[in-house]
Amino acid sequence: MTLSLLVGGFLLFSSLGMPVAYSIGVTSVLLLLLDGTVPLVLAPQRMFVVVNSFSLMAIPFFLLAGEFMNTGGITRRLVNFSDTLVGHIRGGLAHVCVVSNMFMAGISGSSAADASAIGGMLIPAMIRKGYNRNFSVAINCSAACLGPIIPPSIIMIIYGSLTGVSIGALFLGGVVPGILIGGGLMAVSYALSLKGQLMPAPRVQATWAEVWLTFREAGLALLLPVIILGGILSGVFTATEAGAVASVVSLVLGVFVYREIGPRDIPRVVLRAASSTAVVLLLAATAAIFGWILAKERFGDLALGTMQRITTSTIGIMFLVVILLLIVGCFVDTIASTIILIPVLHPMAVKLGFDPVYFGVIATILIVLGGLTPPVAPLLYIASTIAHSPSLDALPLVLILMTVMVIVTAVLIFVPPLITFLPHLFFK
Amino acid sequence: MAGAGNRPQRRGLGWWFDRGVEGIVIAAFLIFVAVTFGQVVLRYGFGRPLTWSEEVSRYLFVWVVFVGAGVAARYKGHIALDFLVTRFPAGLRRGVALVMGVLSLAMLLLVFVWYGWALTQVSMRQESPATGVPVGYATLAIPVGGLLTALNTVRAVRERPSSEVGP
């Protein structure tokens, strides 16, 4: 009863145009008032406990790093290098988009930051060169999902802090899945380029001299992923601190090496990162009240019971979790769904005997895909705003690309070593 | 979420108020990035970790979040879904917007401001483990941010009553 009121109230208010963060808050508070036994001071207290967390500071750090990478010219150099590497393959800029996002993902931990960074450059370029507008939107927002799958990753940092699973192990677990998903996106782009008029002919192949030149230009930016992952795994800094390191290093590169950021740009750039941070975290804060009520109503036991009535095989339950996360992903953003669902789902997975890293990486991938599915689809909105097109126009193509990503995830579910091999190698 | 720096250029009291609030958010953000980076350098480079850095960063972060939420509300930056309401006739749309607005404001004033203040009064008696600063200095961000968010929500609607979002 409480559960259906909770979900129903949220859907009602948010579909009537109330900001999503407020709808979660209003619904939760109405339920607490209805219940009457819980003192309302619990609400601000839950919000404070969730936001007052060092792990969540990965969000402002990585969003700021993304902003500095854009204004400082790092993003452009990564895209140029990717262009000389794969721009000549049929499908041209679609491959450039995927490969740039993979490089970017090695520095950034946020899909939203990547969608506006790479998308902000590549979507206008693709449309100018005659790529289908909707396809340009679709490939950019889909490839941005690699951001939190390939380490570092905001979602994995929060996942680790909520469950105690090693963040380093989760990071390593995301490497192979990220590469496979990137490969999947490139394969579909190639296939789509063979039929239909979605994409013009690619550029001529770059000479080795050009590759070398763009490689040297990108130089230090390409070294950043190594510094970040190496620093975390060797214990020089924590995963959250890596975000601060990434933002300071990209600021230094932008100001002193590439000389594209002036001191006057900094306040504007920081304010942009701050307000994106606040939007995401206000949602996380109200989601924490929502999550508390779910826990009080024993949603975990209920979900597990329901799932075990449908199937008894563990793989079957895994697929039910996949479906649950995909459905929830339509209605809340990635951070909020992590905070609401992971404290419930992870203990259940452990109880069923899943490897924590394996389950964590799969859950992360599905949570990230939630950024593509409307009505709440931040990645799709960011990309379509850049393209000046209605956000739902690109949806059919997004769903095609998403299907491929879900298929790759299914393969990962059946072949756990693809995820667990690297972490087990490193963490004995 | 772009366009934070893009507002009506009337330099009245409201304009200065907005710039002041933004300035505080920017400064707090820069300080916690610098403190966290400095902590890595001191610990790894000099073997002398700071004891207070994490707590101070977290508290500044809490302030950036709740006051930043008010900044975002100033230009309707909070994610909202308009696919349904844009199909309503104008009168109904205004009515629905009014009801949703009143509910949002009631929640902000009750939970963030009223109970946030109650939480702050309790937390003022509780010392933070590393710095000894009362925890209430951090939770105070909730009522202050909530009040700012409520105020800016009303200001944003008064300037642009339609459901358009962004700059």
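The structure presented is a predicted model; accordingly, all values stated were derived computationally and were not measured. (Residues numbered from 1 in each chain as written. Chains lettered and ligands numbered in written order. Predicted model: local features only at pLDDT ≥ 70, side-chain atom pairs only at ≥ 80, totals over all residues. Heavy atoms only, no water.)

## What to know about the packing of helix H14 (residues 299–310) of chain A against helix H16 (residues 334–351) of chain A
Residues and elements named next belong to chain A.
- Packing of H14 against H16 brings their axes to within 9 Å, and their N-to-C directions diverge by 50°. One finds that H14 runs oblique with respect to H16. Here H14 and H16 pass one another in a crossing that is right-handed. Contact residues: Phe-299, Gly-300, Leu-304 and Met-307 in H14; Leu-341, Val-344, Met-348 and Lys-351 in H16.
- Across the contact of H14 with H16, the residue classes break down as 6 nonpolar, 1 polar and 1 charged. (Axes fitted to C-alpha atoms, helices over the stretch in contact; angles between N-to-C directions. Helix = DSSP H or I, 4+ residues; strand = E, 2+ residues; numbered from the N terminus. Parallel < 35°, antiparallel > 145°, perpendicular 65-115°, else oblique. Left-handed = near helix turned anticlockwise from the far one by under 90°. Contact = heavy atoms within 4.5 Å. Nonpolar A, V, L, I, M, F, W, Y, C, P; charged D, E, K, R; others polar.)

## Looking at the packing of aromatic side chains
All names here are of chain B.
- Across all of its chains, the model carries 13 aromatic pairs over all chains by this definition.
- With 6.0 Å between their ring centres and 90° between their planes, Phe-32 and Phe-61 make a pair best called edge-to-face. On the criterion of sequence distance, the pair formed by Phe-32 in helix H1 (residues 13–46) and Phe-61 in helix H2 (residues 53–74) is long-range, its members being 29 residues apart. Grouping residues by exposure puts Phe-32 and Phe-61 together as buried. (Phe/Tyr/Trp six-rings, centres within 6.5 Å; stacked < 30°, edge-to-face > 60°. Buried < 20%, exposed > 50% of the residue type's maximum accessible area, 1.4 Å probe, protein only.)

## Some remarks on empty space enclosed by the protein
Residues and elements named next belong to chain B.
- Enumeration over the complete set of coordinates arrives at 1 cavity of 30 Å³ or more.
- Approximately 60 Å³ is the volume found for the largest cavity.
- Looking at the largest cavity, it is lined by 10 residues, and the ones nearest its centre are Asp-18, Val-21, Val-71, Arg-74 and Asn-152.
- Of all the elements in the fold, those that place two or more residues in the lining of the largest cavity are H1, H2 and helix H5 (141–159).
- With 4 residues, the single largest contributor to the lining of the largest cavity is H1. (1 Å grid on protein atoms, 1.4 Å probe; cavity = no way out; pocket = protein on both sides within 12 Å on 5 of 7 lines; lining within 4 Å. Points joined across faces, edges and corners; volume = space filled by probe spheres on them.)

## Focus on the confidence of the model for chain B
Residues and elements named next belong to chain B.
- When pLDDT is averaged across chain B, the result is 88; 89% of the residues are at 70 or more.
- pLDDT under 50 marks residues 1–5. Its contacts with residues more than four places away, or in other chains, come to 14 contacts.
- Note that pLDDT drops below 50 for residues 163–167; the model gives that stretch 10 contacts with residues more than four away or on any other chain.
- Across the interface, the model reports ipTM at 0.89; the global pTM reads 0.90. (pLDDT = per-residue confidence, 0-100.)

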